[in-house]
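Examination of the molecular architecture
What follows is the residue order along each chain.
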Number of protein chains: 2
Amino acid sequence: MERSVRELWAESRELLGLHSEDVPRADLPPTPLAFLRDHVSPGRPLIISAAATRHWPAATLWPTESYLSDALCSTDVSVHITPSGRADALAPHPRRPDAKCFASAHVRRVDFPSAVRLIRGSDPDAGLVAYAQQQDDCLRGEYSAVSGDVDAHVPWASEALGCLPEAVNLWIGNSCSVTSFHKDHYDNIYVVLSGEKHFLLLPPTEHHRLHVRDYPAASYVAEQETEEVPRLKLEMEEPERIVPWSSVDPYPASPEEMAAQASSFPLFFKGPRPIHCTVRAGEMLYLPSMWFHHVSQSPGPNGLTIAVNYWYDMQFDIKYAYFNFLRSLEIKDSPPLDNNDDGFEGELDEKKD
Amino acid sequence: MERSVRELWAESRELLGLHSEDVPRADLPPTPLAFLRDHVSPGRPLIISAAATRHWPAATLWPTESYLSDALCSTDVSVHITPSGRADALAPHPRRPDAKCFASAHVRRVDFPSAVRLIRGSDPDAGLVAYAQQQDDCLRGEYSAVSGDVDAHVPWASEALGCLPEAVNLWIGNSCSVTSFHKDHYDNIYVVLSGEKHFLLLPPTEHHRLHVRDYPAASYVAEQETEEVPRLKLEMEEPERIVPWSSVDPYPASPEEMAAQASSFPLFFKGPRPIHCTVRAGEMLYLPSMWFHHVSQSPGPNGLTIAVNYWYDMQFDIKYAYFNFLRSLEIKDSPPLDNNDDGFEGELDEKKD
């Protein structure tokens with residue numbers, strides 16, 4: 001049975017023209033028709049060069065040292081704080097050895113200059129990493145004072161998709177922050193304005209390679225709310241809440257952890273390589289809905305990675321029905337045999353839940 | 001396992017908005033963007049009212065008694081002749097009792113007025129039914145003398161799909177001719193100009209319901225090539241050629257045949273009802289690529305059903321990869337239990353071929 005799933009992986013990459021493990025690039029934005037036909041409908045990502053955002057005031061103002069801090073000097077914003085830079089990611093369960101939980105950040109409202117100080121001072125060794133990543137349409141909310149520095153929407157995408165963005169978000173972090181593998185029920189236009197974002201991508205057809213499992217939810221909380229630089233502890237949510245999340249960490253911290261990951265999650269580590277792309281300042285990534293993505297970042301000269309993303313409501317159509325069907329089939333993954341290089345030892349069965 | 005497949009059937013119909021078992025209708029042709037976004041990308045059929053073809057000379061000329069016979073009086077055309085009106089369909093195997101074969105028509109080149117006489121004189125009881133259905137871009141080939149009576153392509157479809165039609169075909173028959181369940185690797189715009197076409201449709205997600213099996217190919221041949229009204233016999237192709245084809249006849253000729261079909265092909269007869277639509281003179285049907293369709297017809301006042309279809313190259317994308325994955329999973333269908341109304345007794349397994 002696993003043969004059929006492997007053929008699906010290979011054929012979908014082949015048909016999308018992604019066998020080069022690289023995302024198609026365009027110098028100029030596509031027409032709405034070409035965008036819909038060549039990218040949205042087939043589910044094919046696209047990177048568009050910085051020419052697309054050259055007219056944005058943000059393209060020149062935001063990478064500077066102080067423009068945003070001046071413009072937002074008296075604005076309170078939400079900053080997400082974790083010990084490790086991994087918000088919304090798996091972490092060791094605080095009470096059960098060898099178990100993991102799904103850990104959300106400690107969210108604090110501070111004035112914007114303080115948020116930037118916390119982000120620039122992020123240090124996983126000191127147990128504190130800050131990331132402004134509110135994801136609740138925050139560019140048009142908390143950051144409305146500077147929202148006019150970018151286009152209110154992406155005109156060719158809005159025309160193609162027949163709607164305006166559901167949310168526009170601002171992301172400010174540095175290399176300490178990483179976003180773990182997940183998917184969104186949105187068509188996503190992701191624009192980097194300072195630094196670079198590094199994406200690992202898997203098409204929806206490779207769902208099983210994420211080894212999605214159920215994890216209990218937890219949150220980082222400050223030991224004392226009044227401390228300017230909080231000390232964090234991880235608390236399980238009460239009552240228990242279960243979050244299905246990818247078990248895979250594509251960049252394990254140690255050789256031992258890599259060996260454990262590769263042995264536990266062979267569909268990821270022994271399958272086709274994830275598609276990798278880097279989006280540079282000024283560039284736009286179109287990430288089709290339901291694509292799995294893992295995001296890391298490098299700061300620009302101002303010490304920050306700054307990005308804006310536009311979430312458009314996805315179309316729930318036959319592709320979505322197929323995805324749900326695929327997801328309903330369970331591959332029972334067992335550790336690969338040593339003499340089997342492709343490591344695909346699973347069996348496909350209907351999920352029992 | 002069969003539960004997952006049934007859920008796929010239900011969810012894809014639900015997401016396509018087809019739970020009413022009726023095809024969406026529009027009074028006017030869609031814009032290219034709306035066509036791509038709302039129909040091609042999700043794979044959703046559409047019927048457009050006769051307003052779309054009111055400017056075609058064919059809309060008024062072709063339904064008349066004699067226009068086409070006059071315009072094509074000295075043109076040779078291909079006419080497909082079978083005893084039963086079922087070309088490219090299953091027929092009893094000429095040498096093996098209880099077995100079936102895939103039977104192609106006897107194709108004869110005659111002048112157009114003779115072709116129309118053969119079509120109008122079709123009589124399954126007399127063992128001769130004629131259908132002009134050459135399907136090799138014949139409107140721009142054999143029928144080029146009248147091809148200017150219709151638009152050379154469908155402008156909003158060509159703009160949406162980014163190409164011109166690969167083939168434009170003319171179909172002339174009457175109620176004696178039926179086209180059995182099949183799918184095409186094309187996006188199809190089907191325009192009726194005289195009479196009505198009756199479509200039974202199943203989305204690609206319902207592949208298993210067609211009970212596709214391998215059949216040996218056969219052709220009807222004339223016992224004497226010189227006879228004006230040929231007597232036909234069915235000959236197996238040599239060397240043997242195998243055609244995978246749907247086993248299902250949705251309209252069995254007798255109660256006994258219906259009982260045999262329902263018992264042999266429960267996924268079709270006990271699953272959700274096929275989507276039914278009638279396309280009337282002047283109307284257009286957009287039939288997305290890979291949709292299964294069964295077509296019957298009623299003649300107009302001129303005694304003929306006349307239609308033109310435009311085949312556009314389909315996009316082989318992630319939907320196609322999903323379809324191939326689905327098709328690779330075999331449901332072992334066994335006759336349903338009498339006390340099981342939904343009759344879905346199969347098991348899903350990987351196909352062994």
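Relevant structure appears above.
Attention here is on the structure that accompanies the text. For clarity, every value in this text was computed on a predicted model and none was experimentally measured. (Residues numbered from 1 in each chain as written. Chains lettered and ligands numbered in written order. Predicted model: local features only at pLDDT ≥ 70, side-chain atom pairs only at ≥ 80, totals over all residues. Heavy atoms only, no water.)

Topic: the overall build of chain A
Using the following cut-off: Secondary structure is summarised from DSSP: a helix means a run of H or I of at least four residues, a strand means a run of E of at least two, and numbering begins at the N terminus for each. Radius of gyration here uses only the C-alpha atoms, and the compact-globule reference equals 2.2 Å multiplied by the residue count raised to the power 0.38. Remark: exposure states derive from per-residue accessible area (1.4 Å probe, protein chains only) relative to the maximum for the residue type, with buried under 20%, exposed over 50%, and partly exposed in between. We call two residues in contact when some of their heavy atoms are within 4.5 Å.
Within chain A, the secondary structure is distributed over nine helices and 21 strands. Computed over its C-alpha atoms, the radius of gyration of chain A comes to 21 Å, within 12% of the 20 Å expected for a compact globule of 353 residues. On the principal axes, the C-alpha backbone points of chain A span a range of 60 × 55 × 35 Å. Taking all 353 residues of chain A together, the buried fraction comes to 57%. Counting contacts in chain A only where the partners sit at least 6 residues apart, residues at least 24 apart contribute 80% of the total.

Concerning the packing of aromatic side chains
Basically, it comes down to this: Two aromatic rings from Phe, Tyr or Trp, using only the six-membered ring of Trp, form a pair when their centres are within 6.5 Å; if the ring planes differ by under 30 degrees the pair is stacked, by over 60 it is edge-to-face, and anything between is tilted. For a Lys NZ or an Arg CZ to count as sitting over a ring, it must be within 6 Å of the ring centre and within 35 degrees of the ring normal.
Scanning the entire structure with this criterion turns up 28 aromatic pairs over all chains. For the ring pair F181(B) and F268(B), a centre distance of 5.6 Å and an interplane angle of 70° mean the geometry is edge-to-face. Taken together, the residues F181(B) in strand β9 (residues 179–182) and F268(B) in helix α8 (residues 266–269) connect sequence positions 87 residues apart. In this structure, F181(B) and F268(B) share a single accessibility class: buried. Each residue in the set Y131(A), W171(A), Y190(A) and F199(A) is aromatic and connected to the rest through ring pairs, giving one cluster. In this arrangement the basic side chain of R209(B) is found over the ring face of W9(B), its NZ or CZ atom lying 5.3 Å from the centre.

Digging into the pairing of strand β10 (residues 178–182) of chain A
Residue and element names in this part refer to chain A. For clarity, the cut-off: Only strands that DSSP links by at least two bridges are regarded as paired with each other.
For β10, a buried count of five out of five residues is recorded, marking the element as mostly surrounded by other parts of the structure. Across two bridges, β10 lies against strand β18 (residues 292–298) in antiparallel orientation. Across the sheet, the residue bridging to T179 is V295, located in β18.

A few points about the sheet that holds strand β10 (residues 186–194) of chain B
All names here are of chain B. Put simply, the test is: For helices, the axis comes from a line fit to the C-alpha atoms of the stretch in contact; other axes are also lines fit to C-alpha atoms, and the angle between any two N-to-C directions lies between 0 and 180 degrees.
With mixed pairing, the six strands of this open sheet are ordered in space as β1-β2-β16-β10-β18-β8. The strands lining the two open edges of the sheet, one partner per strand, are β1 (25–26) and β8 (167–173). The pairing of strand β2 (residues 46–48) with strand β16 (residues 284–287) spans three bridges and is antiparallel. Its bridge partner being in β16, L46 is matched across the sheet by Y286. The strands that helix α2 (residues 32–40) touches are β2, β10 and β16; relative to β16, the one it contacts most, it runs at about 55°.

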